[in-house]
Amino acid sequence: MALSDAKAGKRNEEGIFAVVGILKQRFGERFQTGESFRAQHAHTTTYIPAQLPDGVLFAEMADDVKTAVKVCGEYKVPVIGFGTGSSLEGQVNAPSGGISIDFSRMNRVLEVNAEDLDCTVEPGITREELNVYLRDTGLFFPIDPGANASIGGMASTRASGTNAVRYGTMKDNVLSVTAVTANGKEIRTARRARKSSAGYDLTRLFVGAEGTLGMLTSVTLRLQGIPQKIAGGACSFPTIKAACDAVIMTIQMGIPVARIELLDDVQMRACNAYSGLSYAESPTLFLEFHGSDESVELQSAQFAEIAAECGGGDFLWTANAEERNKLWKARHDAYWACRALAPGLAALSTDVCVPISRLADCVAETQADIQEHGLLAPIVGHAGDGNFHVLLLFDDKTAEGVAVAENFVVRLNQRALAMDGTCTGEHGIGQGKMRFLEQELGGAVDLMRQVKQALDPDNIFNPGKIFHLV
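Since the model is a prediction, treat every value here as computed from it, not as a measurement.

A. Inspection of the overall build of the protein chain at higher detail. Of the regular secondary structure elements, the protein chain holds 17 helices and 18 strands. Taking 470 residues into account, the globule formula puts the C-alpha radius of gyration at 23 Å, and the protein chain, at 22 Å, falls close to it. Each principal axis of the C-alpha atoms in the protein chain carries an extent, and together these give about 65 × 60 × 40 Å. In the protein chain, which comprises 470 residues, the proportion classed as buried is 56%. Of the contacts formed within the protein chain by residues at least 6 apart in sequence, a portion of 72% connects residues at least 24 apart. Carbon together with sulfur atoms contributes 51% to the accessible area of the protein chain, which is approximately 19200 Å² in total.

Structure follows, in structure tokens:
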């Protein structure tokens with residue numbers, strides 16, 4: 001990561017002036033240019049500087065998006081999608097100015113096909129809103145990135161989260177999207193069939209594109225049945241390696257764990273203090289099992305045996321919803337718990353993902369790096385798929401402090417790549433990880449540039465993200 005990767009782009013002042021005037025006339029109060037509105041639609045989650053758009057359109061239907069894209073395309077003005085703003089790598093910044101399309105008012109459930117276990121939603125609905133809507137159907141949408149993100153944003157960043165070990169990531173759970181392309185027309189990438197051999201897989205081209213190829217206007221999702229029983233709990237271990245070994249054995253034995261999260265000793269200290277827990281301040285696994293009464297009890301017993309074999313403590317599990325919710329709320333509040341460790345410092349949340357057999361090595365080497373350089377950086381991970389996060393707390397008010405943070409991120413990503421891993425398991429590339437994408441995929445990035453230029457020849461969709469065209 002480097003601030004230089006978040007550089008400002010060339011502004012089309014004449015085109016921006018024209019587009020702002022046209023959209024203001026067309027949409028009235030639904031198009032805002034005040035600084036407070038624009039600041040709310042730029043990046044604020046990490047230390048990457050905010051780069052404000054020139055106007056914000058609060059879209060209410062697909063036709064609004066088509067109109068805005070067509071106007072922006074005509075004048076070659078950037079257009080950036082905005083869901084809830086929870087992305088972590090500068091994806092919503094406007095380095096060349098332009099128009100932010102806020103999808104929060106496009107939050108309707110368009111269709112639920114309970115028999116087929118799928119639904120179609122507008123991109124602005126959040127995952128929590130969707131699951132509240134689905135509750136009476138006996139179905140739920142399982143992808144849980146922690147933040148109450150919008151479905152469109154989750155699709156655009158190929159999000160995953162705590163349930164990914166059992167239910168997969170967004171790429172596994174999006175059946176189809178509709179998207180507005182650079183000519184202002186709306187396309188549908190697939191039908192609702194569970195599989196298809198019809199042409200290119202355009203759905204997965206848009207899923208993970210971070211808004212650089214078009215604006216999503218609907219997403220068709222796979223759903224799951226709400227389990228008969230859910231049980232969860234925690235188990236502490238003497239070392240990170242012991243905890244990771246337990247994860248590896250659990251996965252290799254085929255135990256269908258729904259969630260298996262790794263928290264290091266610093267993260268446990270933070271969670272205990274912030275969320276009022278009383279767990280041992282040592283490496284800990286949070287787990288959850290979904291299924292029938294019998295299967296959940298069997299899975300819990302099997303994991304308890306693995307934990308004991310790896311030197312872990314007692315696996316304290318419960319099916320009590322209130323107790324489980326307290327545990328997982330503490331996990332979801334991990335970011336704020338870490339911030340509370342050092343309120344005067346800035347926070348940089350970064351992630352990598354490695355083959356699960358290398359997870360223990362990568363986490364242990366990262367911990368050694370943190371200790372060697374005297375850093376404060378709790379670790380939490382979606383251990384079941386080899387993905388972990390580091391929240392580095394650092395002084396962002398000095399060049400030296402920023403350099404320390406950036407150098408750590410470089411070492412972390414190079415370590416993961418050396419283990420045949422990836423520079424990001426779920427945060428995406430955005431502005432912050434462009435250089436690591438080049439290191440990870442080499443010449444394949446040139447092919448991505450060709451796809452981008454073919455679908456978006458004037459580079460209006462979220463420019464300055466994933467890679468620079470030149």
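After presenting the structure, the write-up continues.
B. Expanded view of the UniProt feature "domain: FAD-binding PCMH-type" (unreviewed entry) in the protein chain. On the UniProt side, "domain: FAD-binding PCMH-type" (unreviewed entry) is annotated at positions that read residues 49–226 here. Along residues 49–226 the backbone is 23% helical and 24% strand, and the end-to-end C-alpha distance reaches 41 Å.

C. Representation of the pattern of salt bridges. Tallied over the entire structure, the rule returns 29 salt bridges. Measuring nitrogen to oxygen at the nearest pair gives 3.1 Å for the salt bridge that ties Asp361 to Arg358. The class of Asp361 is partly exposed, set by a relative accessible area of 35%. Owing to a relative accessible area of 30%, Arg358 belongs among the partly exposed residues under this scheme. The structure contains a network of salt bridges with shared partners spanning Arg127, Glu128, Asp144, Arg259, Glu288 and Arg324.

What counts, and where the lines are drawn
- Residues numbered from 1 in each chain as written.
- Predicted model: local features only at pLDDT ≥ 70, side-chain atom pairs only at ≥ 80, totals over all residues.
- Heavy atoms only, no water.
- Helix = DSSP H or I, 4+ residues; strand = E, 2+ residues; numbered from the N terminus.
- Rg over C-alpha atoms; globule rule 2.2 N^0.38 Å.
- Buried < 20%, exposed > 50% of the residue type's maximum accessible area, 1.4 Å probe, protein only.
- Contact = heavy atoms within 4.5 Å.
- Areas by Shrake-Rupley, 256 points an atom, 1.4 Å probe, with all protein chains shown as cover.
- UniProt positions renumbered as here; feature names shortened; annotations may be inferred.
- Salt bridge = Lys/Arg side-chain N within 4 Å of Asp/Glu carboxyl O.

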